[in-house]
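# Breakdown of the fold
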Amino acid sequence: MRIVLGVGGGIAAYKVASLLRLFTEAGHSVTVIPTEASRQFVGTATWEALSGNPISNSVFDAVDQVRHVRLGQEADLVVIAPATADLLARAASGMANDLLTGTLLVSRAPVLFAPAMHTEMWLHPATQANVALLRERGAVVLEPAVGRLTGADSGPGRLPEPEEIFAAALRAAEPSTTFPAHGSLSGRTITITAGGTREPLDPVRFLGNRSSGKQGVALAEAALSAGASVRFIAAHLEVPPPAGVDLTVVETALELREATLQQARDCDVLIMAAAVADFRAQSVSDTKVKKRDDGENPVIVLERNPDILAEAVEQRRNLGGPAVIVGFAAETGDDEGTPLAHGERKLKRKGCDLLVLNRVGRSLVFGQDTTEVTILDAGGAEPETAAGSKSEVAKVVLARIAASLGASN
Ligand code: CTP
């Protein structure tokens with residue numbers, strides 16, 4: 001793949017050398033376009049040596065080849081890292097006052113921005129408006145990482161790690177024939193819960209479940225590829241959380257409930273992929289529960305956890321909320337009905353708009369990479385079955401959500 005790697009003028013430019021390496025080692029051909037300001041941080045010799053391609057940031061270099069047009073036309077992917085506030089502003093307003101912004105205007109390839117700047121600059125309404133505009137136009141703008149910044153300050157504004165940008169860039173470059181279409185969820189905010197909650201019994205023990213979080217991560221990646229902003233609420237995961245999301249980490253069902261109900265207030269879609277423990281210990285011991293000499297076994301009394309999905313539906317009724325609420329269910333079927341019949345009853349009982357039904361047999365879906373689901377629609381549309389890797393299934397689910405969002409507009 002031919003990649004244009006635009007480097008903005010920020011201290012994080014040095015980290016982009018590792019990103020460049022990841023691209024070249026994966027066999028991609030990279031042309032680096034550093035802005036004038038970025039050369040204060042990393043010199044052109046570094047980029048030339050690592051990319052094996054000549055460097056320029058002037059529209060007037062090699063004028064005979066009309067570089068600003070050719071680079072943009074030939075690129076399969078444009079990655080901007082670090083995307084400074086200034087660069088985001090120039091890109092959003094369609095300026096073309098250097099080779100990089102000129103290339104951005106010419107290119108029709110997927111574009112990914114990896115922002116890095118001070119927290120105040122990132123949170124400023126001007127920057128946020130520029131980011132929203134770029135996302136609306138189909139660009140992927142990663143959320144900056146939270147942590148220590150150049151000075152003593154810390155907050156959102158750090159450049160995401162090169163490995164994260166690399167993974168997100170490859171996702172952004174996926175062909176537009178994949179579902180859902182590139183950019184079809186631009187400007188949408190999707191809250192996804194994932195993983196399994198853990199309910200403490202004492203300081204060292206908990207009640208947990210086998211959810212790996214893989215399906216939730218795949219959903220987040222599909223949503224990001226389609227241009228959505230993703231809020232990811234992670235209970236215990238067996239896999240790393242996806243890059244480029246606004247991440248909230250929780251442990252218990254009650255923590256998940258609080259984060260979900262709060263974040264669901266102002267988003268477009270809520271996807272409840274988390275495996276929520278239906279019960280928690282009525283009382284949690286402050287100290288480790290010890291074996292007793294008298295041979296008595298401890299008794300754990302359980303109490304019901306709230307049904308977060310049903311509460312999110314209720315909250316939407318009272319206060320407004322996501323246009324589309326999606327639940328998940330794993331059903332085996334029994335004397336009282338097939339998995340489909342159970343799924344349909346659950347869809348009604350929970351009151352959500354879509355229910356993604358996993359038919360589980362004795363071989364568990366938990367932790368596996370492939371799955372088969374049926375998507376049930378409260379709006380009465382025909383159930384849709386999708387099978388394949390969790391990421392293929394995620395794309396079908398997101399395409400269905402995009403269609404529901406379109407219909408609800
Ligand atoms: N869920 C939830 N809060 C809970 C339990 C489940 O929000 N306390 C959500 C899950 O995230 C999932 C959906 O509800 O999206 C279905 O979960 P499931 O456990 O299958 O449903 P239950 O209502 O517990 O039904 P049952 O135990 O009868 O299978």
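Below: a short report on this structure.

Conventions used here
Residues numbered from 1 in each chain as written. Predicted model: local features only at pLDDT ≥ 70, side-chain atom pairs only at ≥ 80, totals over all residues. Heavy atoms only, no water. Salt bridge = Lys/Arg side-chain N within 4 Å of Asp/Glu carboxyl O. Helix = DSSP H or I, 4+ residues; strand = E, 2+ residues; numbered from the N terminus. Buried < 20%, exposed > 50% of the residue type's maximum accessible area, 1.4 Å probe, protein only. Pairing = 2+ DSSP bridges. Axes fitted to C-alpha atoms, helices over the stretch in contact; angles between N-to-C directions. Contact = heavy atoms within 4.5 Å. Polar contact = N/O pair within 3.5 Å; in protein donor to acceptor, adjacent residues only side chain to side chain. Parallel < 35°, antiparallel > 145°, perpendicular 65-115°, else oblique. Left-handed = near helix turned anticlockwise from the far one by under 90°. Nonpolar A, V, L, I, M, F, W, Y, C, P; charged D, E, K, R; others polar. Near = heavy atom within 4 Å. Areas by Shrake-Rupley, 256 points an atom, 1.4 Å probe, with all protein chains shown as cover.

Another point: the pattern of salt bridges. Taken as a whole and judged by the stated rule, the model has 20 salt bridges. The partner of aspartate 353 in a salt bridge is arginine 316, and the shortest N-O contact between them spans 2.9 Å. Here aspartate 353, found in the loop between α12 (339-350) and β17 (354-359), pairs with arginine 316, found in helix α11 (residues 308-319); they are 37 residues apart in sequence, far enough to count as distant. For aspartate 353, a relative accessible area of 22% corresponds to the partly exposed category.

With that settled, the discussion passes to the sheet that holds strand β18 (residues 370-377). Here eight strands make up an open sheet; going across it, the order is β12-β11-β8-β13-β16-β17-β18-β19 and the pairing mixed. Two strands bound the open sheet, and with one partner strand each, they are β12 (246-249) and β19 (384-389). Across the sheet, the axes of successive neighbouring strands diverge by a mean angle of 20°, strand direction being ignored. Bridge count between strand β13 (residues 269-272) and strand β16 (residues 324-331): four bridges; the pairing is parallel. Counted as the bridge partner of valine 269 is valine 324 from β16. Where helix α9 (residues 214-225) meets the sheet, its contacts fall on β8 (189-194), β11 (229-234), β13, β16 and β18, and the angle it forms with β11 comes to roughly 170°.

Moving on to the side chain of glutamate 331. Secondary-structure assignment places glutamate 331 in strand β16. Only 2.8 Å separates the side chain of glutamate 331 from the side chain of lysine 346, close enough to count as a polar contact. Apart from residues no more than four positions distant in its own chain, glutamate 331 is found in contact with Pro339, His342, Gly343, Lys346, Leu357, Asn358, Arg359 and Val360.

Here the focus is the packing of helix α4 (residues 85-92) against helix α7 (residues 125-136). It is at 9 Å that the axes of α4 and α7 come closest, and there the two elements cross at 50°. Between α4 and α7, the angle falls in the class oblique. Along this stretch, α4 crosses α7, giving a crossing that reads as left-handed. Residue-level contacts link Ala85, Leu88, Ala89, Ala91 and Ala92 of α4 to Thr127, Asn130, Val131, Leu133 and Leu134 of α7. Residue composition of the contact of α4 with α7, grouped by class: eight nonpolar, two polar and no charged.

The next thing to look at is the site of the ligand. Of all residues adjacent to the ligand, which total 13 residues, the nearest are Met272, Ala274, Leu309, Phe328 and Lys346. Between the ligand and alanine 274, the relevant distance is 2.7 Å, taken from an oxygen atom to a main-chain nitrogen or oxygen of the residue. Between the ligand and phenylalanine 328 there is a distance of 2.8 Å, counted from an oxygen atom to a backbone nitrogen or oxygen. Relative to its unbound accessible surface of 580 Å², the ligand loses 76% to contact with the protein. Contributions of two or more residues to the shell around the ligand are made by α11, β16 and α12. Top element by residues in the shell around the ligand is α12. It accounts for three residues. For the shell around the ligand, a count of residues per class yields seven nonpolar, one polar and five charged.

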